[in-house]
Amino acid sequence: MCWYPEATAAPAGKGAGIREVNIARLASFLSDGLGSAAAGLSQVTMAAVVVDAVNAAPPMGSKEMSLEEPKKMTREDWRKKKELEEQRKLGNAPAEVDEEGKDINPHIPQYISSVPWYIDPSKRPTLKHQRPQPEKQKQYSSSGEWYKRGVKENSIITKYRKGACENCGAMTHKKKDCFERPRRVGAKFTGTNIAPDEHVQPQLMFDYDGKRDRWNGYNPEEHMKIVEEYAKVDLAKRTLKAQKLQEELASGKLVEQASSPKHQWGEEEPNSQTEKDHNSEDEDEDKYADDIDMPGQNFDSKRRITVRNLRIREDIAKYLRNLDPNSAYYDPKTRAMRENPYANAGKNPDEVSYAGDNFVRYTGDTISMAQTQLFAWEAYDKGSEVHLQADPTKLELLYKSFKVKKEDFKEQQKESILEKYGGQEHLDAPPPELLLAQTEDYVEYSRHGTVIKGQERAVACSKYEEDVKIHNHTHIWGSYWKEGRWGYKCCHSFFKYSYCTGEAGKEIINSEESIINDITGEESVKKPQTLMEVSLYSFALNF
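Residues numbered from 1 in each chain as written. Predicted model: local features only at pLDDT ≥ 70, side-chain atom pairs only at ≥ 80, totals over all residues. Heavy atoms only, no water.

Per an unreviewed UniProt entry, the chain goes by the name Pre-mRNA-splicing factor SLU7 and belongs to Microcebus murinus. Reading the Subcellular location (unreviewed entry) entry of the UniProt record for the chain gives the comment "Nucleus". Quoted verbatim from the Sequence similarities (unreviewed entry) field of UniProt, the annotation for the chain is "Belongs to the SLU7 family." (UniProt positions renumbered as here; feature names shortened; annotations may be inferred.)

As C-alpha cells, this is what we get:
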C-alpha cells in the first residue's frame, strides 16, 4: 500500500503517532471491507481522501471550542418559558435585558431577538444586530464646518518657491489654474509681488440636512455691515430734516403757519406741508406701525408696510365657541369649522353669532346661484345654448320665464284635479296642530321653569278685546287698585263707565278720602266699629 508523504511523515510527539496509526487502520478497513464498493477508485486515491478528511478535522487535544447544538428543552422548561413570555407581554414581569442593559420588547419575535446557535450558543438575546452598526455608518461633517474662504493672512512670501505658480507665485495652484491676470513677466523670473497662498480646502461630506442647510457657512458679522449702512442713512435723513426745519424757522414759515386761524382751530389744508411730511419717507420709521388703520384695510406704498388680513382680536376663536369634544370638528390646517358648534346646545341658528362655515354656503344668493347653475345644465342637455358665465343675462331671463310657466302649470294641474275629483274642503281645513292642540315639538324645562331645550310655547291670546280705552281715559280699567277696589290709574276713578277727570279728579278723591279718614278716625276713637258696620260703610261708599 502506497502512502502520501504527509501521511508517513508524522510530527514528533505522542499525539502525532496515534494519529498516524488511526489513519493506517482506517485505510486498511476501507481497502479490505469495501473492495467491491470502491472498485472505481484506486487505493492511492482512497487513502488520499481519508488523509484529507482527517486533516480537515481538528486534532485531538486542541483547545478550540467545537460548535455544539443547544440541548433540547424539557416539557416543563418549555412551559415555564412560555408562561414567562406571556407575563412579560402582559406587563406583569420585567422585560428581558440584552447585553447592553437595554430592555427588549416582549412582542418582538424570537427569531429576531435570539442569536443563531451556530454563531455563539452562549450569547444572550439581544437587538444589537438590528441596530445600525458603527463600523458601517458613514461619518459626516458637522454643521459648523465649511470651506475656508480668502487667502492665508499673516504670511508674507518674499522669494519664489519651487513648484509654485509661475504667474503669481502661490503654492496652492499651478499656472494653468491661476485666476490672476497674466503678467508680462511671471513671478518665477521676477521674484517680486508674490501672491499669498489660498487655503487648502477640506474634503467635506454632509448628510441630507447638511446639504440643504442654506445658512451653513454664513458669517453673522456680514449682517453688521448692512446694519451700519442703514444707520448711516438714517442719521443722514435726520440731519437733513433738522437742517430743513432750521431753514423754515429762519425764513419765518413756521411762525406764519402757527399763527394762522386754520391752524388754531385745528383745520389744515389737505395739501399742507404737515401732511406731506407725515406721508413722506423722512418720517421716523418707528411710527409706521402705529399709523396703520385696520389690518388688511390700508396699504401705503411710501411706508413699505404690508399687513395681513387677520381677524380682529375681539372675535372669539372658532375652537373656543364650544369646548365639548363631540361638537363641530375644527380643522387647524385650514382654520375651518364647517358644522354649527351650537347644534347640540339648544340654540336657534338664527340667533347665534356664528353657525359654521357651511351656513354661508346655504344662505343668501348662494342657493339661487346653485339653482341657476343646475337649470343651465339641464337646459343645455335638452338643447338650449345657455351658459352661466358666458351669457348670464339670457340665462336669468330664461330661468324666470321657466319658473312662471312652472307655477302656472302646477296651478292648472291642481285645478283640473279638483274639478274632476273634488276635495277643496280638505285643502281649506286648518292644520292638525290647531285641531288637536298638540305638536311634536320637544321642550325640556328645568326645575325653575326655564326652557333648557327647545322653543318655549307662545302665550295664547285672549278672546276678549285688550287695551280698550273709553271715555277719554289714558289707562284701561283695572290699572289702579286700592282697598279692594279696581279703577283707572289716570284719574283714580272707581266707576267703570265714568269720564276721565285727570289730575283734578285725583285731587278731589284724595281730599275726600282725607276728610273721611278724619271722620272715621274720630268715630273709631269714640266707639269701635264691628265687622258688619265696616262692610256696610264700604258698600255705601261704592254706591
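There's plenty left to go through after this.
Chemist: Could you clarify how one ought to interpret the pattern of salt bridges in this entry?
Modeler: Pairing between side chains becomes possible if they bear opposite charge and their charged atoms approach one another. Within the structure shown, the criterion is met by 14 salt bridges. Close ionic contact of Glu96 with Arg88 constitutes a salt bridge, the shortest N to O distance being 3.5 Å. Between Asp357 and Lys318 there is a salt bridge, with its nearest N and O atoms 3.4 Å apart. Note that Asp357 is positioned in the loop between α11 (273-279) and α12 (358-361) and Lys318 in the loop between α11 and α12, a separation of 39 residues in sequence. Its relative accessible area of 21% is what places Asp357 among the partly exposed residues. Counted as one network, the salt bridges with shared partners bring together Asp98, Glu100, Lys102 and Arg131. (Salt bridge = Lys/Arg side-chain N within 4 Å of Asp/Glu carboxyl O. Helix = DSSP H or I, 4+ residues; strand = E, 2+ residues; numbered from the N terminus. Buried < 20%, exposed > 50% of the residue type's maximum accessible area, 1.4 Å probe, protein only.)

Chemist: Looking at this structure, how should I read helix α4 (residues 75-90)?
Modeler: Because each turn of an α-helix spans 3.6 residues, side chains separated by three or four positions end up pointing in the same direction. Here α4 is 16 residues long and its end C-alpha atoms lie 23 Å apart, about the 22 Å a rise of 1.5 Å per residue gives. Gly91 sits one or two residues past α4 and shows a positive phi near 90°. (Expected span 1.5 Å × (residues − 1).)

Chemist: I keep staring at a negative patch on the surface and nothing clicks. Help me out?
Modeler: On the surface, Glu407, Asp408, Glu411, Glu415 and Glu419 cluster together into a negatively charged patch. Residue classification places Glu407 among the partly exposed residues on the basis of a relative accessible area of 46%. (Patch = residues over 30% accessible without salt bridge, like charges linked within 9 Å, V, L, I, M, F, W, Y side chains within 5 Å. Areas by Shrake-Rupley, 256 points an atom, 1.4 Å probe, with all protein chains shown as cover. Lys, Arg positive; Asp, Glu negative; His and termini not counted. Charge placed at Lys NZ, Arg CZ, Asp CG, Glu CD.)

Chemist: Just checking my understanding: could you explain the environment of Cys168 for this structure?
Modeler: On the secondary structure map, Cys168 appears in the loop between α5 (110-113) and α6 (187-190). Its relative accessible area of 2% is what places Cys168 among the buried residues. Each C-alpha atom of the pair Cys168 and Phe179 lies 9.2 Å from the other, and the pair is 11 residues apart in sequence. Cys168 has contacts with His173, Cys178, Glu180, Arg183, Ala187, Asn193, Ile194 and Ala195, leaving out every residue within four places of it along the chain. (Contact = heavy atoms within 4.5 Å.)

Chemist: Help me understand the packing of aromatic side chains, please; the structure alone is not making it clear to me.
Modeler: Two numbers describe a pair of aromatic rings. These are the distance of the centres and the angle of the planes. One pass over the structure, following the stated rule, counts nine aromatic pairs. Members of the aromatic cluster, connected to one another through ring pairs, are Trp146, Tyr147 and Phe206. Here the guanidinium or amino end of Arg212 rests over the ring plane of Tyr208, the centre of that ring lying 3.6 Å away. (Phe/Tyr/Trp six-rings, centres within 6.5 Å; stacked < 30°, edge-to-face > 60°. Lys NZ or Arg CZ within 6 Å of the ring centre and 35° of its normal.)

Chemist: Honestly, the side chain of Ser327 in this entry has me stumped. Any pointers?
Modeler: With respect to the helices and strands, Ser327 occurs in the loop between α11 and α12. For Ser327, a relative accessible area of 18% corresponds to the buried category. Among all residues touching Ser327, those that are not within four sequence positions of it are Asn322 and Pro341.

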